[in-house]
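# Structure assessment
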Amino acid sequence: VKIFMAMLSEENCLKYSLKERRWIWNIDDIHQRSMIQDLALVLAQKLLRLPDEVQDALTFVSCFGRSVHRDVLEITTETESCAVISDRCLVLAVEERILEKSGETYTFPHDLIQQAAYERVSKEKTRIIHFHIGLQILMKAVFTGHVDPFSPLSFIGIEQITKADDFELKNSELRISLSELLLRVGRRAIRTAAFPSALTYLEKGISFLGDNGWDLNHELCLHLHESACQAVYLNALPARVSTYMDIIMSHTEDFMDQIKCHHISMKTLATTGKVREAIDNFFHVMKELKEEFPSNMAPMTIFSSLSATKNKLEKYSSEGILSIPRMLDKGKQWAMTFMDTMLPYIYIVCPQFIPLIATRMVSLSLQYGLVKESANGLQAYSYSILCLLQDIDGGCRWLRTTRLILERFKALEMYPKLRFFQCSFLTCWKEPFQSVTNDLLQCHQQAIIVGDVEYAVFSSHIQCQFMILSGSHLAAAEKQCVVLSKEMIRLNQVQILLEHCSLHNMILQLAGGDENPFDLPEVPFNDENEVIKESESSGNITIEYPTLYTNRVMRAFFFRNYDDAKEMTKKYAALVGNESLRYQTIFYIFYEGLLAFRLARSEVDRENWLSIGQKAINTYQTWVKHSEWNFENKLLLLEAESHFSNYEYESAETTYLASIDSARRHKFVHEEGLASDLLASFFIDRGDVEKGIGYLQGAFSCYEKWGAFGLLKHLRGY
């Protein structure tokens, strides 16, 4: 702006009138000018009029960007490519308003000024300047040990080096030193989730080693390629993972030299939807690591393994676990890493292996020592105890210990993953569902911060699920689903995209939206029926059936589509069974029990349906001891339906009302509406239409608070 005003004054478009004692201007001439274009022209003219040494100094300064501190200039001005930048040059540039000085910092007033100075010489010349600036900083400050390699000054040097493109170095010792530094900062960038910068640093380090890098320093070259392989994975560039993996495989023979690439390749397969292939690779690697799993998955094998591990752990207190030494065996460390990585995918595709993997991780930790992955192994064991032995207290016993293991190893990057499993599979049995929903949101945020994009996606997906199950407003849940779908695609984390589209579809149907969540380029199906059909017929589609069928039973029951709900319970029983506890089990058993009592009043097989309903009541009577907040209203509603089905009308009415009150007190607005809805049916079926309509209006009011306008439209026309 200052330069533009000065230019107007020089061209008499703006001048001071002594006669009128004020500034006067020609507004029409000013309107015809483009400030940006005129600035570029003025700056070009100014730069050309300045002495050559000043122009060279400005080009040098422009290589740092918009601004640079005087201390940095003092380190870098004595280079092979530029003369010394004198104070006189800088003073003149400031006087001509090409630079501004604030304290000891020089700044170009506008990007265009910096660009004009930068582009006055050839790209080859600026490439040389960048290289020598970076080299001066690193040689004088970092390599001498005077400055921390991760200091701001060091990163200025590294950024300059990386901007030098393919600058060739003949000094082998210097090439190795630069590559080692770039490896360190690349790994640091990965740890701080600066993935694009990490890839730039690492690939620059590889380029410095050149074509003979493997001969020059095999170990350094291996580490650079391994870290670059990890960086391209984290930058959602799966096609380039195989490129780096091929390079490493062609230059190594030892399986342990290739192990990191196998790990990244497995993660790439899993996150791009090729979960079964990833699991096949996992079992192959475990065999190579001498930790093969049995092919016989008989229930006795699983329960025997759980019992043996439980007996081992009974000898330890939390303090005893924490006092176990660190694991030193590299092979066992990698076995723990692979098992830890594959836990969520095995849970989706072949959950029967979870107890065996969990007990193997615990056994290795007890025998060979602790690693940070021991925390998740102990947690997976806790889940297995809860799931198969239905021991909720036993499953939650080691929660604090798992967190302390991570603290011992200062493995904060694993905390979101640990917390995700605790929220999704353990604490939800004791903590309010609304609290679990908030915890999962925090898991997502923490996972993004530490760069764990997989568990950021997992946490957000389960959060969407719990938003529905805890009665959050459907508009908020739908908005979160849209955000997550975009995030999955952006991060190339599409492993659970089909399940998420199915959940999103249920939310839209309840809320009354007409969008199709499956209408995405990454989804080759039009709706969830096509997904189920393809999965059941070919087995090529990976999908988590417990969640899918639970959602469909819930949706069908709300919409009073009891035939569809009945069909889904048959599929759930055939594919999942009812002998294990998952967070989905809480809701599946609830809606299956309600459906059973409904069918007991209308179908021939009354005793069978009553038996299923009573089993749901018995289950909830056990669960309510662990969390009255989560389970009381559901148990009361099941009991009310039981009373109704057994002609105990007075008890039924009292219990319906108690369920409504409990749902209201515990903030489950959707289940308050459902209980009111079923009480309305109770009165209408018995001929008290007026009372039934009153409670139906109460149900509609709750559904409206929930945001279930699609459900309301359906029920009003029912």
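Every chain's residues receive numbers from 1 upward, in the order its sequence appears when written. The predicted nature of this model means local features are confined to residues of pLDDT at least 70 and side-chain atom pairs, given and counted, to a pLDDT of 80 or more, with totals for whole chains, interfaces and linings taken over all residues. The side-chain quantities take in all heavy atoms of the structure and omit both hydrogens and water.

### Focus on the environment of Leu548
Going by this rule: Under the scheme used here, helices are H or I runs from DSSP no shorter than 4 residues and strands are E runs no shorter than 2 residues, and both carry numbers assigned from the N terminus. Relative accessible area decides the class of each residue, using a 1.4 Å probe on protein chains only: under 20% of the type maximum gives buried, over 50% gives exposed, and in between gives partly exposed.
Inspection of the secondary structure assignment puts Leu548 in helix H30 (residues 545-558). With relative accessibility at 3%, the residue Leu548 sits in the buried group. With 45 residues separating them in the primary sequence, Leu548 and Leu503 have C-alpha atoms 7.6 Å apart.

### Digging into the sheet that holds strand E5 (residues 105-107)
The condition that has to hold: Two strands are said to pair when DSSP picks up at least two bridges between them. Angles here are taken between N-to-C directions and fall from 0 to 180 degrees, while the axes themselves are lines fitted to C-alpha atoms, restricted in helices to the stretch in contact.
Reading across from one edge, E3-E5-E4 is the order of the 3 strands in this open sheet, with antiparallel pairing throughout. Single-partner strands in this sheet number two, and they are strand E3 (67-69) and strand E4 (100-102). The average undirected angle you get between the axes of adjacent strands in this sheet is 20°. When E4 meets E5, the two strands line up antiparallel, connected through 3 bridges. By the bridge assignment for E5, Ser102 is matched with Thr105.

### Considerations on the layout of surface pockets
Filter applied, for reference: Note on definitions: the grid is 1 Å and covers protein atoms alone; a cavity is a set of points where a 1.4 Å probe fits but cannot get out; a pocket is an open set with protein on both sides within 12 Å along at least five of seven lines; lining residues have an atom within 4 Å of a point. Grid points are joined across faces, edges and corners, and a volume is the space filled by probe spheres set on the points. Throughout, the ten residues Ala, Val, Leu, Ile, Met, Phe, Trp, Tyr, Cys and Pro are labelled nonpolar, Asp, Glu, Lys and Arg are labelled charged, and all others, Gly among them, are labelled polar.
By volume, the largest pocket amounts to about 1,500 Å³. Every residue lining the largest pocket is counted, 35 residues in all, and those nearest its centre are Gln230, His263, Thr337, Lys372 and Glu373. Broken down by secondary-structure element, the contributors of at least two residues to the lining of the largest pocket are helix H10 (172-191), helix H13 (218-234), helix H15 (255-271), helix H19 (330-349) and helix H26 (453-469). When residues in the lining of the largest pocket are grouped by element, the largest group, 7 residues, is from H13. Grouping the amino acids of the lining of the largest pocket by side-chain chemistry returns 14 nonpolar, 8 polar and 13 charged.

### A short note on helix H37 (residues 689-706)
The following threshold applies: Multiply 1.5 Å by the residue count of a helix minus one, and that product is the helix's expected span. Arc definition: directions from the helix axis to the C-beta atoms. Should any heavy atoms of two residues lie within 4.5 Å, those residues are considered in contact.
The end-to-end C-alpha separation of H37 is 25 Å, in line with the 26 Å expected for 18 residues at 1.5 Å each. Every buried residue of H37 is listed here: Gly692, Ala699, Phe700, Cys702, Tyr703 and Trp706. What you see down the axis of H37 is that its buried residues fit within an arc of 160°, all on one side. Looking at H37, the residues exposed on the side facing more than 90 degrees away from the buried face are Glu690, Gln697 and Lys705. At its buried positions, H37 is contacted by H26, helix H27 (474-490), helix H28 (497-511), H30, helix H36 (669-685) and helix H38 (709-716). Trailing H37 by a residue or two, Gly707 shows a phi angle of about 85°, which is positive.

### Comments concerning the pattern of salt bridges
As a reminder, the rule being used: Basic side-chain nitrogens of Lys or Arg form a salt bridge, by our definition, when they fall within 4 Å of a carboxyl oxygen of Asp or Glu.
One pass over the structure, following the stated rule, counts 26 salt bridges. In this structure, the salt-bridge partner of Arg70 is Glu74, at a minimum N-O distance of 3.4 Å. Taken together, the positions of Arg70 and Glu74, both in helix H5 (residues 70-76) and 4 residues apart, correspond to about one turn of that helix. For Arg70, a relative accessible area of 17% puts it in the buried group. A salt bridge links Glu124 to Arg127; the nearest nitrogen and oxygen atoms lie 2.7 Å apart. Here Arg127 and Glu124 lie together in helix H8 (residues 123-142), a separation of 3 residues that amounts to about one turn. With a relative accessible area of 42%, Glu124 lands in the partly exposed category. Its relative accessible area of 18% is what places Arg127 among the buried residues.

### Concerning the nonpolar core
Where we set the bar: What we call a nonpolar core is a set of buried Ala, Val, Leu, Ile, Met, Phe, Trp, Tyr and Cys residues that are connected through their side-chain atoms within 4.5 Å.
The biggest cluster of nonpolar side chains holds 157 residues, and the ones touching the most others in it are Phe282, Met339, Tyr591, Leu674, Tyr703 and Trp706. Not counting residues within four places of it along the chain, the set of residues in contact with Met339 comprises Phe282, Met286, Phe293, Ile357, Arg360, Met361 and Leu364. Cys221, Leu224, Met245 and Ile264 belong to the second-largest nonpolar core, a separate cluster that totals 40 residues.

### Some remarks on helix H20 (residues 354-368)
In this model, H20 (15 residues) spans 21 Å end to end at C-alpha, consistent with the 21 Å of a helix rising 1.5 Å per residue. Judged by how many residues are buried, H20 sits mostly within the fold: 13 of 15 residues are covered. Once H20 finishes, Gly369 follows within two positions and takes phi at roughly 120°, a positive value.

### Looking at the side chain of Glu478
Note the threshold: Under this rule, positive means Lys or Arg and negative means Asp or Glu; His and the chain ends count for nothing. Pairs of N or O atoms are called polar contacts if they sit within 3.5 Å, as long as, within protein, a hydrogen donor faces a hydrogen acceptor (for residues adjacent in sequence, only side-chain-to-side-chain pairs).
Within the element layout of this structure, Glu478 appears in helix H27. With no salt bridge to any partner, buried Glu478 finds its closest opposite charge in Lys479, at an N-O distance of 9.3 Å. Separated by 2.8 Å, the side chains of Glu478 and His504 make a polar contact. Apart from the residues lying within four places of it in its own chain, the contact partners of Glu478 are His504, Ile507 and Leu508.

### Section: the environment of Tyr381
Mapping Tyr381 onto the fold places it in helix H21 (residues 374-389). Discounting chain neighbours no more than four positions away, the residues touching Tyr381 are Leu306, Thr309, Lys310, Leu313, Ala358, Thr359, Val362 and Trp398.

### What to know about the packing of aromatic side chains
Put simply, the test is: Here is the rule: rings of Phe, Tyr and Trp (six-membered ring for Trp) pair when centre to centre is within 6.5 Å. Planes less than 30 degrees apart are stacked, more than 60 are edge-to-face, and the remainder are tilted. For a Lys NZ or an Arg CZ to count as sitting over a ring, it must be within 6 Å of the ring centre and within 35 degrees of the ring normal.
Applying the stated criterion to the full structure yields 41 aromatic pairs. For the ring pair Phe644 and Phe682, a centre distance of 4.9 Å and an interplane angle of 85° mean the geometry is edge-to-face. A residue pair is termed long-range when its members are at least 10 positions apart, and Phe644 in helix H34 (residues 628-645) and Phe682 in helix H36 qualify at 38 residues. Each member of the pair, Phe644 as well as Phe682, carries the same accessibility label: buried. Taking the ring centre of Phe208 as reference, the NZ or CZ of Lys204 above it sits at 5.1 Å. In this arrangement the basic side chain of Arg686 is found over the ring face of Tyr649, its NZ or CZ atom lying 4.4 Å from the centre.

### A word on empty space enclosed by the protein
Per the stated rule, a full pass over the model turns up 5 cavities of 30 Å³ or more. There is about 150 Å³ of room inside the largest cavity. Lining the largest cavity are 14 residues, with Tyr347, Ile348, Phe458, Ile462 and Glu544 positioned closest to its centre. When contributions to the lining of the largest cavity are tallied by element, the ones reaching two or more residues are H19, helix H24 (415-426), H26 and helix H32 (583-600). Class assignment for the residues of the lining of the largest cavity results in 10 nonpolar, 2 polar and 2 charged. Taken as a whole, the second largest cavity holds about 120 Å³ of empty space.

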